[in-house]
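Working through the structure, step by step
Now for the letters of each chain:
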Amino acid sequence: MAAFSDLNILHIENISTKEKLTLAAKLGYDVVAINVFVENVFCQEEKGKSKKEQSKNVAIPAPVKVPLVDKDIADLKLRGKELKQLSRFTTVLSDPGQWRRMQEKDIQAYDLIAVQPVTEKLFHVGSIFQRSLEKYQICNGSFG
């Protein structure tokens, strides 16, 4: 039997994410990825600051795991299954230096990492980079 999964449940707050996970369990999904989207992993450039000051890292939130009780996933339990929660980090890449940022511990703590390169050059760099890593996904489109 096929396993159903949703690898893009956007996390905004715990209550709405819990409702989404409960619905996914009712629909028969047994694997979900809770997606944390950060538009830029570097601070925005500010006029009058040096390049070193401009390239400070944005604080990345820790991976999200929403606590669920048995009644939330009762439909899956009836079929003898559990709901597996994965964590997904998604960002837009607009600078080659951001690829290095993807290797840092706060981002590597996620189970899946999805990136959206904004230039063809970054896409090609990402394609080469992705071949050596299991948890990366290069995507095109919106995240909401």
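Preceding block: the structure.
Here we summarise the structure given alongside this text.

Rules behind the numbers
Residues numbered from 1 in each chain as written. Predicted model: local features only at pLDDT ≥ 70, side-chain atom pairs only at ≥ 80, totals over all residues. Heavy atoms only, no water. Salt bridge = Lys/Arg side-chain N within 4 Å of Asp/Glu carboxyl O. Helix = DSSP H or I, 4+ residues; strand = E, 2+ residues; numbered from the N terminus. Buried < 20%, exposed > 50% of the residue type's maximum accessible area, 1.4 Å probe, protein only. Contact = heavy atoms within 4.5 Å.

1. Digging into the pattern of salt bridges
Considering all chains together, one arrives at 3 salt bridges under this definition. Note that Lys81 and Asp30 form a salt bridge whose closest N and O atoms lie 3.7 Å from each other. Residue Lys81 is found in the loop between α3 (74-78) and β3 (84-93), and its partner Asp30 is found in strand β2 (residues 29-38); the two are separated by 51 residues along the sequence. In this structure, Glu104 engages Arg101 in a salt bridge whose closest nitrogen and oxygen atoms are separated by 2.9 Å. For Glu104, a relative accessible area of 34% gives the class partly exposed. Look at the salt bridges and you will find they share partners, linking Arg101, Glu104 and Asp106 into a network.

2. Structural notes on the environment of Leu93
Mapped onto the fold, Leu93 is located in strand β3. Accessibility expressed as a relative area gives 0% for Leu93, which makes it buried. Through-space distance from the C-alpha of Leu93 to that of Val118 is 6.2 Å; in sequence the pair is 25 residues apart. The contact partners of Leu93, leaving out residues within four places of it in the chain, are Gln98, Trp99, Met102, Val115, Gln116, Pro117, Val118 and Leu122.

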